[in-house]
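Spelled out, the chains give:
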Amino acid sequence: DDDDADREGLVDVTLALSNLATLPRVADVILKDRTASLRALVGVLDAEDAEVVKFALVALVRLAAAPSGDDDALAVHIAEHATPHLARTAGRFVERDATVLALVLELLGQLAYVPATLRALVGAGGVGVVLDALARDNDDAELVVKAVATLDALVSADVEYAAVVAGRGGEALLQRHSEAADAAIKRAADAALLSLEASLARQETNRTTRAALVARL
């Protein structure tokens, strides 16, 4: 019927986009188009069909990693436009399809390693998505490690982001995972805790230094 035909058409389009995203020139084409193509792709994240959403996420992951002629501009656009949708996407599929959540975390992880995207990523709710994933009981060690690694990248990047993570209960979540039986999870959580503690210590040092300077004025 018409609904099946529409679904098949959407699957075909998003699959084609996910494959095209591996081609270097595609990133430049989308960037020249500014946000029109990107908004259309991001809009697919609100679909109820898991397969369609997966292909859209794969395309976004590949585009975020793709080299373009304008440094990290495309990754920044993705962080700005996609991150607000990711919390809703993760929430809809967390009980239905773990692969969707894994791809959401993969996209956030990809963006977290691009310094220019971090402000948009944090401002659009990316920290909450990662913390929500860590707060759930999850048997998928690879998914947990991805979430922890993303958090590690965020807290290492800026003391302000470390403070956001700590203020949202991130330290307690990392401590919980540092006691995991899985060795990979434990290693990742221990490393992230060290990064968080180091960033918070820098923040305290900066605060003390500013206070001392003010006192001298």
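Shown above is the structure to which this text applies.
Quick summary incoming for the structure in this document. Every value quoted in this text rests on a predicted model; they were computed, and no experiment measured them. (Residues numbered from 1 in each chain as written. Predicted model: local features only at pLDDT ≥ 70, side-chain atom pairs only at ≥ 80, totals over all residues. Heavy atoms only, no water.)

Describing the overall build of the chain
When helices and strands are tallied, the chain shows 12 helices and 0 strands. Expressed as a percentage of its 217 residues, the buried residues of the chain come to 45%. Put simply, 74% of the contacts in the chain that link residues at least 6 apart link residues at least 24 apart. On the chain, roughly 10900 Å² of surface is accessible, and the fraction owed to carbon and sulfur atoms is 54%. (Helix = DSSP H or I, 4+ residues; strand = E, 2+ residues; numbered from the N terminus. Buried < 20%, exposed > 50% of the residue type's maximum accessible area, 1.4 Å probe, protein only. Contact = heavy atoms within 4.5 Å. Areas by Shrake-Rupley, 256 points an atom, 1.4 Å probe, with all protein chains shown as cover.)

Topic: the pattern of salt bridges
Applying the stated criterion across every chain, the model contains 7 salt bridges. For Lys146, the salt bridge goes to Glu106, with nearest N and O atoms at 3.5 Å. Taken together, the residues Lys146 in helix α9 (residues 141-157) and Glu106 in helix α6 (residues 98-112) connect sequence positions 40 residues apart. Among the residues examined, Lys146 registers a relative accessible area of 25% and is labelled partly exposed. Among the charged side chains, a network of salt bridges with common partners joins Glu48, Arg92 and Arg96. (Salt bridge = Lys/Arg side-chain N within 4 Å of Asp/Glu carboxyl O.)

What about the side chain of Ser199?
Position of Ser199 relative to the elements: it lies in helix α12 (residues 183-216). Since its relative accessible area comes to 1%, Ser199 is described here as buried. A polar atom in the side chain of Ser199 sits 2.5 Å from the backbone oxygen of Val155. Setting aside residues up to four positions removed in sequence, Ser199 forms contacts with Val155, Ser156, Val159 and Ala162. (Polar contact = N/O pair within 3.5 Å; in protein donor to acceptor, adjacent residues only side chain to side chain.)

What about a negative patch on the surface?
Residues Asp137, Asp139, Asp140 and Glu142 make up a contiguous surface patch of negative charge. Inspection of the secondary structure assignment puts Glu142 in helix α9. On the accessibility criterion, Glu142 (55% relative accessible area) is exposed. (Patch = residues over 30% accessible without salt bridge, like charges linked within 9 Å, V, L, I, M, F, W, Y side chains within 5 Å. Lys, Arg positive; Asp, Glu negative; His and termini not counted. Charge placed at Lys NZ, Arg CZ, Asp CG, Glu CD.)

Overview of helix α3 (residues 36-43)
Here α3 has its buried residues at Leu38, Leu41 and Val42. The buried residues of α3 occupy one face: seen down the axis, they fall within an arc of 100 degrees. Opposite the buried face of α3, at more than 90 degrees from it, the exposed residues are Arg39 and Ala40. (Arc of directions from axis to C-beta.)

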